[in-house]
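Reading the structure
Each chain, letter by letter, is given below.
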Amino acid sequence: MLRRSPIVQFLRNLQTTLLAGLLVLVGFAAGAQAEALKPYKDRLFRYKKATETLYDGDFIVVEYSKQRDLRDRDEVDERRVFGNYVSYKPKRGRGSAELKANGRVINYMGTGKWKGGAKAIVIYIHGQGGNRFQGMNDVSFGGNFNRVQNLMVRNGGAYLTVDIKNFGKSGTADVAALIQYQKQLSPGAKVVVACGSMGGIICWNLVKSSSYSRLINGIVLLGSPKDPNFLGSGALSRNVPIYMGQGTLDRVYNWETQANFFKQIKQRAPRYPIRFTLFDTGTHGTPIRMTDWRLVLNWMLG
């Protein structure tokens, strides 16, 4: 549960008006007026309890229980989720490929309509020390990567992961090249780029660029750092939707720093499409495990 001090006091300082309970989820879900993705295991993956909301539902606090959301969910803690959380349907169309661009070879994996004809595309960018296999792991992180794969496969979409060797300009250029190639294969598809941890640097780089931002319809930041340069980049006028997920016990990127950055964006551009989910007692990897993909993607794609 939220510690009444200092976390709640911080939230009350973030915005003076707070609402509680079920109204949080109603307000948060209301933004997805046209549901692009049909339900898939919603009962298992939906947020069990939301405790606070700010900014008309754009900032919510979700209760994270280590017993319920990890020990009771995983057959082997943090290694293998129980089978009822998983469907291996995406495995049938899964494959690996290489793209030559920018004088380099870009290794990536895909499932669903990743070879063309996709209605929507989600690309996952790993953090430091990760690789393209992380986002294709069906049984780690509580089965949440398997869920996003299923959501895309079952709704005529594509899901891809890619190896990142550099989190600066070259890595960003490689991701942009992969997006451009995918848009050639699926010209009408909307594209959402999701970034875990340090991979968030690439997500911010994409949305800051006037050229790259035209290629995407949203970024999903999962335990990622803020980017102060975003505010002066001209991105506020381009309105690419942003989702930020953070745990209160994240020892890598402090949640208060990220929440204050959310507030800065709201102060500069009150109507900017940005949402923040704070997982109370969650750690660095909790947003990857717990973020409700269908809720977030329907908001961005709908």
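Quick note: structure is the one above.
Residues numbered from 1 in each chain as written. Predicted model: local features only at pLDDT ≥ 70, side-chain atom pairs only at ≥ 80, totals over all residues. Heavy atoms only, no water.

**Focus on the nonpolar core**
- Residues F59, F230 and Y272 are the most contacted members of the largest nonpolar core, which totals 56 residues.
- Aside from chain neighbours lying at most four places away, what touches F59 is L11, L14, E52, T53, L54, A259, F262, F276 and L278.
- Counting residues in each nonpolar core, the second largest holds 32 residues, with Y47, A194, M300 and L301 among its members. (Core = buried A, V, L, I, M, F, W, Y, C linked by side-chain atoms within 4.5 Å. Buried < 20%, exposed > 50% of the residue type's maximum accessible area, 1.4 Å probe, protein only. Contact = heavy atoms within 4.5 Å.)

**Topic: the state of the cysteines**
- Under the counting rule described, the total for this entry stands at one disulfide.
- In this model C195 forms its disulfide with C203; the gap between the sulfur atoms is 2.1 Å. Torsion about the S-S bond of the C195 and C203 cystine: about 85 degrees, corresponding to right-handed handedness.
- With a relative accessible area of 0%, C195 lands in the buried category. (Disulfide = S-S within 2.5 Å.)

**Quick look at helix α8 (residues 255-268)**
- Helix length check: α8 (14 residues) gives 20 Å between terminal C-alpha atoms against 20 Å at 1.5 Å per residue, within 8%.
- Along α8, the residues classified as buried are W255, Q258, A259, F261, F262, I265 and K266. The arc that holds every buried residue of α8, seen down its axis, measures 155 degrees, which confines them to one face. Pointing more than 90 degrees away from the buried face of α8 are the exposed residues Q267 and R268. (Helix = DSSP H or I, 4+ residues; strand = E, 2+ residues; numbered from the N terminus. Expected span 1.5 Å × (residues − 1). Arc of directions from axis to C-beta.)

**Some details on the environment of T51**
- Within the fold, T51 resides in strand β1 (residues 50-54).
- The exposure class assigned to T51 is buried, which follows from its relative accessible area of 16%.
- When the C-alpha positions of T51 and S186 are compared, they lie 40 Å apart, and in sequence the two are 135 residues distant.

**Quick look at the sheet that holds strand β2 (residues 59-63)**
- Reading across from one edge, β1-β2-β12-β11-β10-β9-β7-β8-β6-β5 is the order of the 10 strands in this open sheet, with mixed pairing throughout. A strand with exactly one partner marks an edge of an open sheet, and here the two such strands are β1 and β5 (95-101). Pairs of neighbouring strands in the sheet enclose a mean axial angle of 20 degrees, with direction left out of account.
- Judged from the four bridges that link them, β1 and β2 form a sheet pairing that is antiparallel. Within β2, the position partnered with T53 by the bridge is I60.
- Where α8 meets the sheet, its contacts fall on β2, β11 (242-247) and β12 (274-280), and the angle it forms with β12 comes to roughly 155 degrees. (Pairing = 2+ DSSP bridges. Axes fitted to C-alpha atoms, helices over the stretch in contact; angles between N-to-C directions.)

**Here we look at the side chain of D58**
- You can see D58 is positioned in the loop between β1 and β2.
- Discounting residues that sit within four places of it in the chain, D58 has contacts with F262, K266, I274, R275 and F276.

**Overview of the packing of aromatic side chains**
- Evaluated as defined, the whole model comprises 13 aromatic pairs.
- Between F59 and F276 the ring centres are 4.6 Å apart and the planes differ by 5 degrees, which places this aromatic pair in the stacked class. Highlighted residues: F59 in strand β2 and F276 in strand β12, separated in sequence by 217 residues.
- A relative accessible area of 0% means that F276 is categorised as buried.
- In this structure an aromatic cluster arises from ring pairing among Y55, F59, F262 and F276. (Phe/Tyr/Trp six-rings, centres within 6.5 Å; stacked < 30°, edge-to-face > 60°.)

**Considerations on the pattern of salt bridges**
- Per the counting criterion, the structure on display carries 12 salt bridges.
- For D58, the salt bridge goes to R275, with nearest N and O atoms at 3.3 Å. Here D58, found in the loop between β1 and β2, pairs with R275, found in strand β12; they are 217 residues apart in sequence, far enough to count as distant. Exposure class is identical for D58 and R275. Each is buried.
- The partner of R68 in a salt bridge is E63, with the nearest N and O atoms 3.2 Å apart.
- R68 gets classed as partly exposed once you look at its relative accessible area, which sits at 29%. (Salt bridge = Lys/Arg side-chain N within 4 Å of Asp/Glu carboxyl O.)

**Focus on a positive patch on the surface**
- A cluster of basic side chains, namely K38, K89, R92, K113, K119 and R154, defines a positive patch on the protein surface.
- Locating R92 in the fold gives a position in the loop between β4 (80-81) and β5. (Patch = residues over 30% accessible without salt bridge, like charges linked within 9 Å, V, L, I, M, F, W, Y side chains within 5 Å. Areas by Shrake-Rupley, 256 points an atom, 1.4 Å probe, with all protein chains shown as cover. Lys, Arg positive; Asp, Glu negative; His and termini not counted. Charge placed at Lys NZ, Arg CZ, Asp CG, Glu CD.)

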